[in-house]
Every structure is written in structure tokens, then in C-alpha cells.
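Residue-level structure breakdown
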Amino acid sequence: VQLQASGGGLVQAGGSLRLSCAASELTFSLYAMAWFRQAPGKEREFVARISRSAILTRYEDSVKGRFTISRDNTKNTVYLQMNSLKPEDTAVYYCAADRRNLGDNYYDERRYDYWGQGTLVTVSS
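Residues numbered from 1 in each chain as written. Predicted model: local features only at pLDDT ≥ 70, side-chain atom pairs only at ≥ 80, totals over all residues. Heavy atoms only, no water.

As for the state of the cysteines
What makes a disulfide is a covalent bond joining the sulfur atoms belonging to two cysteines. Evaluation of the coordinates by the stated rule reveals one disulfide. In this model cysteine 21 forms its disulfide with cysteine 95; the gap between the sulfur atoms is 2.1 Å. Between cysteine 21 and cysteine 95, the S-S dihedral sits near 60°, and the bridge is therefore right-handed. One end of the pair, cysteine 21, is in strand β3 (residues 17-24); the other, cysteine 95, is in strand β9 (residues 91-98), and 74 residues separate them in sequence. With respect to class, cysteine 21 is no different from cysteine 95; both count as buried. (Disulfide = S-S within 2.5 Å. Helix = DSSP H or I, 4+ residues; strand = E, 2+ residues; numbered from the N terminus. Buried < 20%, exposed > 50% of the residue type's maximum accessible area, 1.4 Å probe, protein only.)

Here we look at the packing of aromatic side chains
In the structure shown here, the tally under the stated rule is seven aromatic pairs. Ring centres of tyrosine 31 and tyrosine 114 lie 6.0 Å apart, and the angle between their planes is 55°; on these two criteria the pair is classed as tilted. Of this pair, tyrosine 31 sits in the loop between β3 and β4 (32-38) while tyrosine 114 sits in strand β10 (residues 114-115), and the two are 83 residues apart along the sequence. In this structure tyrosine 114 comes out as partly exposed when scored by relative accessible area, which is 31%. Summarising the aromatic geometry, the rings of phenylalanine 36 and phenylalanine 46 are spaced 5.7 Å apart at their centres and angled 80° between planes, so their arrangement reads as edge-to-face. Of this pair, phenylalanine 36 sits in strand β4 while phenylalanine 46 sits in strand β5 (residues 45-50); the two residues are 10 residues apart in sequence, bridging distant segments of the chain. Classification of phenylalanine 36 by relative accessible area gives buried; the value is 1%. Look at phenylalanine 46 and you get buried, because its relative accessible area is 7%. An aromatic cluster is built from Phe36, Phe46, Tyr106, Tyr107, Tyr112 and Trp115, whose rings are joined through pairwise contacts. Over the ring of tyrosine 79 we find arginine 18; its NZ or CZ atom is 3.9 Å from the centre of that ring. (Phe/Tyr/Trp six-rings, centres within 6.5 Å; stacked < 30°, edge-to-face > 60°. Lys NZ or Arg CZ within 6 Å of the ring centre and 35° of its normal.)

What about the sheet that holds strand β1 (residues 2-6)?
Strand order in the open sheet formed by four strands is β1-β3-β8-β7, and the pairing between neighbours is antiparallel. The sheet is open, and its two borders are formed by β1 and β7 (67-72), each paired with just one other strand. With strand direction ignored, the average angle separating the axes of adjacent strands in the sheet is 15°. (Pairing = 2+ DSSP bridges. Axes fitted to C-alpha atoms, helices over the stretch in contact; angles between N-to-C directions.)

Comments concerning the environment of tryptophan 115
Within the secondary structure layout, tryptophan 115 lies in strand β10. Overall, tryptophan 115 belongs to the partly exposed group, its relative accessible area being 27%. For the pair tryptophan 115 and phenylalanine 36, spaced 79 residues apart in sequence, the C-alpha separation works out to 9.7 Å. Not counting chain neighbours up to four residues away, the residues in contact with tryptophan 115 comprise Leu3, Phe36, Arg44, Tyr94, Cys95, Ala96 and Glu109. (Contact = heavy atoms within 4.5 Å.)

With respect to the pattern of salt bridges
Enumeration according to the criterion identifies 11 salt bridges in this entry. The residue lysine 64 makes a salt bridge to aspartate 61 at a minimum N-O spacing of 3.1 Å. The closest approach of N and O atoms between aspartate 113 and arginine 100, which form a salt bridge, is 3.9 Å. A residue pair is termed long-range when its members are at least 10 positions apart, and aspartate 113 in the loop between β9 and β10 and arginine 100 in the loop between β9 and β10 qualify at 13 residues. (Salt bridge = Lys/Arg side-chain N within 4 Å of Asp/Glu carboxyl O.)

Below is the structure:
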């Protein structure tokens, strides 16, 4: 199984980026997908999650209204559209796959089965 994250880069505060995560060797439509991030010197944290059929999405409070998670099951890809970026959004962003579609502990990285390699997002002030 491979999850290949891309789309990171350097952007000014207020700008936008779109991250992509392409899955291979995985029945993509059977997995809920999520994005996590890890800022320098901090623990990895939950950012957003989308259910198998994209009906249900979840967001960390600080990104609500700015970030949008989506997926295209025909392309085996999950996206994270990030708008109104802030310096505190600077982090390595990881995509993750979860065989379980439901559950209250969706923010817990321990429930995820597969992880991508991460893509760096740097937001300058």
C-alpha cells in the first residue's frame, strides 16, 4: 500500500494550497481518509477526515471554515484545500487511511492503518 502526498510548498499568509494524496494497492473506496499535521517540535495532530462515500467530514476546530477535505474515488485520491493560511499552519501534512468508517475517536492517529510520507507546508508571515 502506498499513499503519496503532494502539493506542499511555501506560501504567504492569506494564501492557498491544495494538497493531494494518491493511493495505490488499496481499495480506496473502502477506506475513510484523513489528514494530520506535525509542526516543528510538536506532536502530530488531526486536521480533517472524510468518510468512504464523502458524506461525512470532520475538522479540527482551528481549520474549520478555511480547509476543505474532499475525495475522488475514481482517482483514488483525497484532497485538502487550504485557504486563508496562517503561519501556525506550517507543518508536515500527512494523509492516512482508516478501514473503519465510523467511530468517535477519528482524531486518534492510532486507529489509522496506512500513512503517507508527508508533504511540507510553510506559511510565511
